[in-house]
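Structural characterization, general
Residue strings, one per chain:
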Amino acid sequence: MTKEPLTANIGSHFKKPSKFNNKKINVMTDKNNEVNLRPTIITDLDTLFRFQLDKEGGYLAAFMPNDPTDKAAYLDKYTMLLSNPTVNNQTILVGKKIVGSISKFVMEGDTEITYWIDREFWGQGIATKALKIFLSIENTRPIYGRVAFDNFGSQKVLERCGFVKIGSDKGFANARQAEIEEFIYKLND
Ligand SMILES: CC(C)(COP(=O)(O)OP(=O)(O)OC[C@H]1O[C@@H](n2cnc3c(N)ncnc32)[C@H](O)[C@@H]1OP(=O)(O)O)[C@@H](O)C(=O)NCCC(=O)NCCS
């Protein structure tokens with residue numbers, strides 16, 4: 001995603017949190033009691049950091065930070081994001097196991113989403129289920145999704161959740177070391 005809020009650019013705008021460990025945890029559950037979402041807490045960050053080290057996942061996501069292995073930068077940034085009221089960070093669980101994350105953020109006035117599933121769990125419909133649950137708790141509309149032109153799995157996830165492709169953009173993708181096309185998806189209601 002060109003705007004790349006949760007992986008690089010926006011962290012520096014936010015204040016440090018004061019009490020991020022005291023968040024109340026509300027677990028949202030899908031119909032089959034398999035995929036759950038709950039607000040991300042600071043102790044999740046270690047696991048979520050490890051997920052985004054995956055090279056194949058990074059290639060798909062494309063618009064990654066310059067150095068995804070920089071753990072200190074990751075923790076600093078996400079610690080700040082967890083206390084930002086315009087960001088909705090949810091951790092995705094299957095049962096009690098953390099399998100990914102999904103987030104809403106505001107970038108240049110547009111509300112956008114992003115998500116990541118641990119590679120071990122790809123192809124099981126988890127991203128689709130997680131996004132459906134997320135959209136039931138995050139009501140901001142319209143909401144946008146940006147996806148690399150060749151990230152077919154993510155495009156399918158968005159389309160299954162009602163997003164419609166409305167255009168495209170170009171941007172430099174760190175994980176590809178090249179300028180690539182990304183598709184812009186929009187959900188109105
Ligand atoms: C994209 C991503 C979230 C998909 O997660 P997932 O849990 O595997 O997604 P789902 O299983 O819900 O749906 C993916 C669908 O796309 C399909 N798919 C995956 N790769 C595909 C490809 N290369 N070509 C065509 N279809 C593909 C899957 O088979 C599945 O469809 P199916 O249910 O009909 O089999 C996951 O690969 C990921 O986290 N990637 C790294 C980060 C990323 O790309 N985030 C999104 C940034 S926009």
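About the cut-offs
- As a convention, each chain's residues are numbered from 1 in the sequence order in which they are written.
- Given that the model is predicted, a residue must reach a pLDDT of at least 70 before its local features are reported, and side-chain atom pairs must reach 80 or more before they are shown or counted; all residues, however, enter totals for whole chains, interfaces and linings.
- Under the scheme used here, helices are H or I runs from DSSP no shorter than 4 residues and strands are E runs no shorter than 2 residues, and both carry numbers assigned from the N terminus.
- Put plainly, a residue is buried at 20 or more neighbouring C-beta atoms within 10 Å of its own, exposed at 12 or fewer, and partly exposed in between, counting only other residues' C-beta atoms, which are placed from the backbone.
- Contact between two residues is assigned whenever their backbone-derived C-beta positions fall within 7 Å.
- In this context, the arc is that of the directions from the helix axis out to the C-beta atoms.
- Two strands qualify as a pair provided DSSP detects at least 2 bridges between them.
- In these notes, a nonpolar core means any group of buried Ala, Val, Leu, Ile, Met, Phe, Trp, Tyr and Cys residues linked to one another through C-beta atoms within 7 Å.
- Here, nearness is defined through the C-beta atom: a residue counts as near a molecule or strand if that backbone-placed atom lies within 6 Å of it.
- We call Asp, Glu, Lys and Arg charged. Ala, Val, Leu, Ile, Met, Phe, Trp, Tyr, Cys and Pro are nonpolar, and the rest, Gly among them, are polar.

Quick word on the overall build of the chain
- Helix and strand counts for the chain stand at 6 helices and 8 strands.
- Reading the helices (α) and strands (β) of the chain from amino to carboxyl end gives α-β-β-α-α-α-β-β-β-α-β-α-β-β.
- Taken across its 189 residues, the chain has 36% of its residues classed as buried.
- Intrachain contacts of the chain at a sequence separation of at least 6 include 65% that bridge at least 24 residues.

A closer look at helix α6 (residues 152–160)
- When we look at burial in α6, the residues that qualify are Ser154, Val157 and Leu158. Looking straight down α6, one finds that the buried residues subtend no more than 95° of arc, so they occupy a single side.
- Residue Gly162 follows α6 closely and has a positive phi angle near 95°.

Points about the pairing of strand β4 (residues 97–107)
- Across 7 bridges, strand β3 (residues 88–94) lies against β4 in antiparallel orientation. The residue of β4 that forms the bridge with Leu93 is Ile98.
- Hairpin geometry of β3 and β4 is characterised by an intervening segment of 2 residues between the two adjacent antiparallel strands and by a positive phi of about 60° at Gly95.
- As paired strands, β4 and strand β5 (residues 110–117) are joined by 8 bridges and run antiparallel to one another. Bridging from a neighbouring strand, Met107 pairs with Asp110 of β5.

Regarding unusual backbone geometry
- In this structure, the amide linkage connecting Arg141 to the following residue, Pro142, adopts the cis form with an omega of -5°.
- By the secondary structure assignment, Pro142 is in the loop between α5 (126–137) and β6 (143–148).
- Phi is positive for Gln177, which is not a glycine, with a value near 50°.
- Residue placement: Gln177 occurs in the loop between β7 (164–173) and β8 (178–187).

Comments concerning the pairing of β7
- Burial analysis of β7 places just 1 of its 10 residues in the buried class, which makes it a mostly uncovered element.
- With 9 bridges connecting them, β7 and β8 associate as antiparallel partners. Within the sheet, the bridge partner assigned to Asp169 lies in β8 and is Glu182.

Some points on the nonpolar core
- Counting 33 residues, the largest nonpolar core has Ala62, Ile92, Ile102, Tyr115, Ala130 and Leu131 as its most contacted members.
- The element contributing the most residues to this core is α5, with 6 residues.
- In terms of nonpolar packing, the next biggest core, distinct from the first, is built from 6 residues, Leu45, Tyr78, Leu81 and Leu82 among them.

Description of the site of the ligand
- Residues in contact with the ligand amount to 22 residues; listed here are only the nearest, Gly57, Ala127, Thr128, Phe152 and Gly153.
- Of all the elements in the fold, those that place two or more residues in the shell around the ligand are α3 (55–61), β5, α5 and α6.
- Considering each element in turn, the shell around the ligand owes the most residues, 5 residues, to α6.
- For the shell around the ligand, a count of residues per class yields 12 nonpolar, 9 polar and 1 charged.

By themselves, these are just geometric observations and shouldn't be taken as functional.
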